[in-house]
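# A look at the structure
Next come the chains, spelled out residue by residue.
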Amino acid sequence: MPPSANVSSPASRKFAWLAGAIVAAVLLWTIGWFFFAARIEDHLPSTLAQITGPDATAGCTQADVRGYPFRVGLFCETLTYANTAEGITATAGAFRSAAQVYRPQHAVAEVDGPFVLDASGLILRADWQLLKASVQAVSDGLDRGSIEARNTSFNIDGTGLTQRLAVQADRITAHARRNGADLDVAAYSENLRNSLLAGLNAKALAFEATLSRRSDLLQIPFTPLHGPFDAMLHRVTIELDETSSLELAGPVQVAADGRMSGNLELTISNVQQFSELVAGFNPESADMIRRFGPMISALDTRPGDDATTLPLTIRNGQVSLGIIPLGELPAF
């Protein structure tokens with residue numbers, strides 16, 4: 001007798017089981033993703049409080065978690081920050097972030113400008129065409145992070161400044177990472193321009209340093225950097241043009257009052273350009289550099305190359321090049 005047409009074949013039963021398993025998996029994944037997203041939104045205020053600590057607050061208006069099905073990310077209309085102990089308030093535009101579900105500790109984000117910082121009457125306003133960030137999180141904070149900004153502008157004004165400072169840069173990148181108990185930091189910019197000192201316009205700028213025993217700056221709660229601390233400046237370079245540059249390297253110390261001290265090496269390519277740069281800060285010191293140029297060249301600690309390397313001394317913020325005073329640095 002022929003088999004009944006109502007009896008399913010083994011192949012069709014296997015297909016039905018497979019289809020059912022797929023539907024069940026998708027349903028469970030969907031329920032799990034939206035449950036996880038809801039928990040992020042519910043715990044966002046307490047998470048921000050943990051990050052900022054008891055003296056500060058942070059806000060994310062119109063918070064929303066997106067990225068289903070394979071990503072998860074926090075979106076905000078605006079970002080806010082306030083630190084009453086430091087007298088600091090800050091705001092920024094929309095925030096968008098994303099992380100792969102299978103790798104939530106590695107997140108990327110974009111932030112819209114403008115960014116406005118009020119630090120006890122000193123106002124910084126920054127804006128950009130594009131700002132991207134990438135962070136690698138660990139259990140007690142961040143292990144490392146990077147920021148890249150394109151077509152960036154800064155305006156600094158406020159109490160105590162006699163003139164507003166405006167700075168623009170085509171590209172700025174900044175990086176920080178833990179190195180054992182130390183913290184490695186670096187920053188780079190391209191085509192840096194300003195409205196205050198024409199001599200400070202730079203084709204490129206590089207800053208690379210290690211802060212001794214300050215990896216805690218990446219731990220939560222995040223706190224501002226204060227002295228005392230020691231740092232090693234591996235390289236601070238200003239490329240003024242194709243032939244002129246300044247490079248600074250050496251150890252520095254920042255005291256509890258923010259005053260800096262250190263014994264550094266200053267390498268100058270094109271001393272004439274350097275004297276014009278100093279003239280923007282201190283015309284008298286620039287005149288001394290011009291008059292005593294041969295003597296300065298004689299102090300070169302690395303003779304034989306095209307550059308001039310000189311000892312630069314900082315004592316409680318007072319900067320001198322040999323016996324030539326260059327001026328005073330503000331407190332850190």
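These remarks concern the structure in this document. (Residues numbered from 1 in each chain as written. Predicted model: local features only at pLDDT ≥ 70, side-chain atom pairs only at ≥ 80, totals over all residues. Heavy atoms only, no water.)

## Some details on the overall build of the chain
When helices and strands are counted, the chain shows four helices and 20 strands. In the chain, buried positions account for 30% of the 332 residues. The long-range share in the chain, meaning contacts at least 24 apart out of those at least 6 apart in sequence, stands at 47%. Summed over its atoms, the accessible surface of the chain is roughly 19500 Å², and 60% of this surface lies on carbon and sulfur atoms. (Helix = DSSP H or I, 4+ residues; strand = E, 2+ residues; numbered from the N terminus. Buried < 20%, exposed > 50% of the residue type's maximum accessible area, 1.4 Å probe, protein only. Contact = heavy atoms within 4.5 Å. Areas by Shrake-Rupley, 256 points an atom, 1.4 Å probe, with all protein chains shown as cover.)

## Brief notes about the packing of aromatic side chains
Taken as a whole, this structure holds four aromatic pairs when the rule is applied. Ring geometry for Trp-29 and Phe-70: centres 6.3 Å apart, planes at 50 degrees, overall tilted. Separated by 41 residues along the polypeptide, Trp-29 in helix H1 (residues 10–52) and Phe-70 in the loop between strand E2 (64–66) and strand E3 (71–76) bring together distant segments of the chain. Judged by its relative accessible area of 58%, Phe-70 is exposed. Centre to centre, the rings of Trp-33 and Phe-34 are 4.8 Å apart; their planes meet at 75 degrees, and the pair counts as edge-to-face. (Phe/Tyr/Trp six-rings, centres within 6.5 Å; stacked < 30°, edge-to-face > 60°.)

## A short note on the pairing of E3
In terms of burial, E3 is largely enclosed, as five of its six residues are buried. Bridge analysis of E2 against E3 gives three bridges, and the strand direction is antiparallel. Counterpart to Val-65 in the pairing with E3 is Leu-74. In textbook terms, the turn of a hairpin is the stretch between consecutive antiparallel strands, and for E2 and E3 this stretch comprises four residues, one of which, Gly-67, has a positive phi near 120 degrees. Sheet topology places E3 next to strand E6 (residues 95–100); four bridges connect them, and they run antiparallel. The residue of E6 that forms the bridge with Phe-75 is Arg-96. (Pairing = 2+ DSSP bridges.)

## What to know about a nonpolar patch on the surface
Together, Leu-18, Ile-22, Val-26, Trp-29, Phe-34, Tyr-68, Phe-70 and Val-101 line one region of the surface with nonpolar side chains, adding up to about 790 Å² of accessible area. Along the chain, Leu-18 falls in helix H1. On the accessibility criterion, Leu-18 (52% relative accessible area) is exposed. (Patch = residues over 30% accessible without salt bridge, like charges linked within 9 Å, V, L, I, M, F, W, Y side chains within 5 Å. Salt bridge = Lys/Arg side-chain N within 4 Å of Asp/Glu carboxyl O.)

## So, the pairing of strand E20 (residues 324–328)
Each regular strand shows side chains that alternate between the opposite faces of the sheet. As judged from the four bridges shared by strand E19 (residues 318–321) and E20, these two strands associate in the antiparallel manner. Across the sheet, the residue bridging to Val-319 is Gly-327, located in E20. Connecting the antiparallel pair E19 and E20 is a turn made up of two residues, with Gly-322 showing a positive phi of about 65 degrees.

## A look at the pattern of salt bridges
Applying the stated criterion to the full structure yields 13 salt bridges. With a closest N to O distance of 3.3 Å, Arg-144 and Asp-143 form a salt bridge. Of the residues examined, Asp-143 reaches a relative accessible area of 23% and is grouped as partly exposed. Each of Glu-148, Arg-150, Arg-171 and Glu-190 takes part in salt bridges that share partners, so that together they form one network.

## A short note on unusual backbone geometry
Peptide bonds are, in most cases, trans, and in most cases residues other than glycine have a negative phi. Here the bond from Gly-113 into Pro-114 is cis, since omega is 0 degrees, no more than 30 degrees from zero. Summarising the element assignment, Pro-114 is placed in the loop between strand E7 (106–111) and strand E8 (115–119). The phi angle at Asn-151 is positive, at roughly 50 degrees, despite the residue not being glycine. With respect to the helices, strands and loops of the structure, Asn-151 is situated in strand E11 (residues 141–158).

## Some thoughts on the environment of Ala-107
Mapped onto the elements of the fold, Ala-107 is located in strand E7. For Ala-107 and Gly-73, which are 34 residues apart along the polypeptide, the C-alpha to C-alpha distance reads 8.2 Å. Excluding residues that lie within four positions of it along the chain, Ala-107 makes contacts with Ala-98, Ala-99, Ala-133, Ser-134 and Val-135.

## Considerations on the side chain of Arg-214
Inspection of the secondary structure puts Arg-214 in the loop between strand E14 (202–211) and strand E15 (229–239). The contacts of Arg-214, once residues within four sequence positions are left out, are Ala-181, Asp-182, Leu-183, Leu-225, His-226 and Phe-229.

## Concerning the nonpolar core
In this structure, Leu-183, Leu-211, Leu-264, Leu-266, Leu-312, Leu-321 and Leu-326 are the most contacted members of the largest nonpolar core, which totals 24 residues. Ranked by the residues each element gives to this core, the list is headed by strand E16 (residues 245–254), at four residues. For Leu-183, the residues in contact, after removing those within four places along its chain, are Ala-176, Arg-177, Arg-178, Ala-209, Thr-210, Leu-211, Arg-214, Ser-215, Leu-217 and Leu-218. Trp-33, Leu-44, Val-72 and Trp-128 belong to the second largest nonpolar core, which has 17 residues in total. (Core = buried A, V, L, I, M, F, W, Y, C linked by side-chain atoms within 4.5 Å.)

Any link to function would need more than the numbers given here.
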